[in-house]
Amino acid sequence: MTTEMATEPRKGAPGRLGDPELSLGTDPRVHPGVVAALAPFGLDQLASAPPVTIRSARAELLEFAAGAEAAFEPVFEALMEGLPEVEGIASETHTAVAPDGHEVKLYVTRPQSSEGPLPCVYYLHGGGMAMMGATGAVYDRWRRELSADGLVVVGGEFRNGGGRLGPHPYPTGLQDCATGLKWVDEHAAELGVSNIVVSGDSGGANLALALTIKAKREGFLSSISGVYAHCPYVHGKWAEDDGTPPSVAENDGYFNQRDMMQVLAEIYDPGSAHIDEVTCWPGRATTADLEGLPPHVISVNEVDPLRDEGLDYYRKLLAADVPASAWINPGLSHEAEILFRATLPEVYAANVRSVSGFARSLEPRGGR
């Protein structure tokens, strides 16, 4: 069953708002490299609604998350196959202990030869806070590419709402992210770290933004020099037409689907019990929540259902006088700048340079 349009078609409107029959494979806005990456898997067609809903039993939701994770991981691995090795980097694994005794794995990648302290990117992977992991092929490659551009990169392995790292709904994963960040800050000298950028994609971008607000509330904001969020998943109520950002309907089913987003949200935040808690859904943040935060970059993609909520967050940052910039990547689907290294090499490289350039532009830890 393909996703249903929530609004009547409008002549001249973009995407499925104008033509509900469009898909990634037929929408003229879509970058050919996106289609080339997804077509071999049939993912250039409209995504189907999941077989569960937010009203399904929790056991059914968790079973779905496990199955979705198992289905996505081979696709992500295939997207990275055949790429040249990333040379000149070294990797190591460390462990930080969360307040409840859980061991948080931290995957550190750094240039083999470098002089002086380097900027650090503390990276949180996508998956709607409900599935996937830091050791996946896409995220391992992304950290290596960033490191090869002269950064220390730390991948935080947090507990998910579902999947093999679940079931741990909010706020467990966010607490793991905080544990990892504090460990990096405390060990900055031995890691050779000058400043720390918190970054992530999709659900990981949610956690990066939420972690920064949490750090402000709890007094460890000085550890964060900046935030770089790709395709942030922060709204929390995509199944509701009232108040849903327009890009959800415009790009619904383009490698990302409204009902799927809502199901993952239910797994992370059962019953939307924390829908108004900004460290669960940062899209609900007020000016008071955001005032005093460090510089941010919000990167969104033109044909992603999540595009407009990322732009909304950027505007909230500006209203709170937070130094912020935003990018719209034309023709790209959800997370394309990270997922499609083989078919979008120039786009991928430009995004690596954007993250590393931002990290280098920032003051040292505690310098704000």
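Residues numbered from 1 in each chain as written. Predicted model: local features only at pLDDT ≥ 70, side-chain atom pairs only at ≥ 80, totals over all residues. Heavy atoms only, no water.

Student: Is there a simple way to think about the packing of helix H5 (residues 172–186) against helix H7 (residues 203–218) in this case?
Tutor: Packed helices, taken two at a time, are described by the angle between their axes plus the distance between the axes. Where H5 contacts H7, the two axes come as close as 10 Å, and the packing angle between them is 70°. Judged on the interaxial angle alone, H7 and H5 are roughly perpendicular. Crossing of H5 over H7 shows right-handed handedness. Across the interface between the two elements, Leu174, Gln175, Cys177, Ala178 and Leu181 from H5 touch Leu207, Ala210, Leu211 and Lys214 from H7. A breakdown of the residues in the contact of H5 with H7 according to their chemical character gives seven nonpolar, one polar and one charged. (Axes fitted to C-alpha atoms, helices over the stretch in contact; angles between N-to-C directions. Helix = DSSP H or I, 4+ residues; strand = E, 2+ residues; numbered from the N terminus. Parallel < 35°, antiparallel > 145°, perpendicular 65-115°, else oblique. Left-handed = near helix turned anticlockwise from the far one by under 90°. Contact = heavy atoms within 4.5 Å. Nonpolar A, V, L, I, M, F, W, Y, C, P; charged D, E, K, R; others polar.)

Student: What is the right way to look at the pattern of salt bridges in this model?
Tutor: Side-chain pairs of opposite charge can arise where the charged atoms are in close proximity. With the rule as written, the count across this model stands at 16 salt bridges. The shortest N-O distance in the salt bridge between Asp100 and Arg159 comes to 3.0 Å. One end of the pair, Asp100, is in the loop between strand E1 (89–97) and strand E2 (103–111); the other, Arg159, is in the loop between strand E4 (152–157) and H5, with 59 residues separating them in the sequence. Under the relative-accessibility criterion, Arg159 is labelled buried at 11%. Notably, a salt bridge pairs Arg144 with Asp140, separated by 3.0 Å at the nearest N-O pair. On the criterion of helical spacing, the pair formed by Arg144 and Asp140 is a turn pair, its members being four residues apart in helix H4 (residues 137–148). What makes Asp140 partly exposed here is its relative accessible area of 28%. (Salt bridge = Lys/Arg side-chain N within 4 Å of Asp/Glu carboxyl O. Buried < 20%, exposed > 50% of the residue type's maximum accessible area, 1.4 Å probe, protein only.)

Student: Would you mind showing me how to read the pairing of E4 here?
Tutor: Across the six residues of E4, six count as buried, placing the element largely inside the fold. Burial of E4 is two-sided: the residues Val152, Val154 and Gly156 facing one way and the residues Val153, Gly155 and Glu157 facing the other way are all buried. Two elements, E2 and E4, share five bridges in a ladder whose sense is antiparallel. Considered in E4, the bridge of Leu106 is made with Gly156. Across four bridges, strand E3 (residues 118–124) lies against E4 in parallel orientation. Within E4, the residue paired with Tyr123 across the bridge is Gly155. (Pairing = 2+ DSSP bridges.)

Student: How should the packing of H4 against helix H13 (residues 345–360) be read in this particular structure?
Tutor: Two numbers describe how H4 lies on H13: the axes approach to 9 Å, and their chain directions differ by 60°. Taken together, H4 and H13 sit at an angle that is classed as oblique. Crossing handedness for the pair H4 and H13: right-handed. The residues of H13 that touch H4, namely those facing Arg141, Trp142, Glu145 and Leu146, are Tyr348, Asn351, Val352 and Val355.

Student: Sorry, what's going on with the packing of aromatic side chains here?
Tutor: Each aromatic ring pair is characterised by the separation of its centres together with the angle its planes make. This model, assessed by the stated rule, comprises 10 aromatic pairs. Ring centres of Tyr228 and Phe358 lie 5.9 Å apart, and the angle between their planes is 70°; on these two criteria the pair is classed as edge-to-face. Remark: Phe358 occurs in helix H13 and Tyr228 occurs in strand E6 (residues 226–230); sequence separation between them is 130 residues. Neither Tyr228 nor Phe358 differs from the other in exposure class; each is buried. Here the aromatic cluster, defined as three or more aromatic residues joined through ring pairs, consists of Tyr170, Tyr233, Trp238, Tyr268 and Trp281. Looking at Lys182, its charged tip hangs above the ring of Phe220, at a distance of 4.5 Å from the centre. Across from the ring centre of Tyr348, 5.4 Å away, lies the NZ or CZ of Arg341, which sits over that ring. (Phe/Tyr/Trp six-rings, centres within 6.5 Å; stacked < 30°, edge-to-face > 60°. Lys NZ or Arg CZ within 6 Å of the ring centre and 35° of its normal.)

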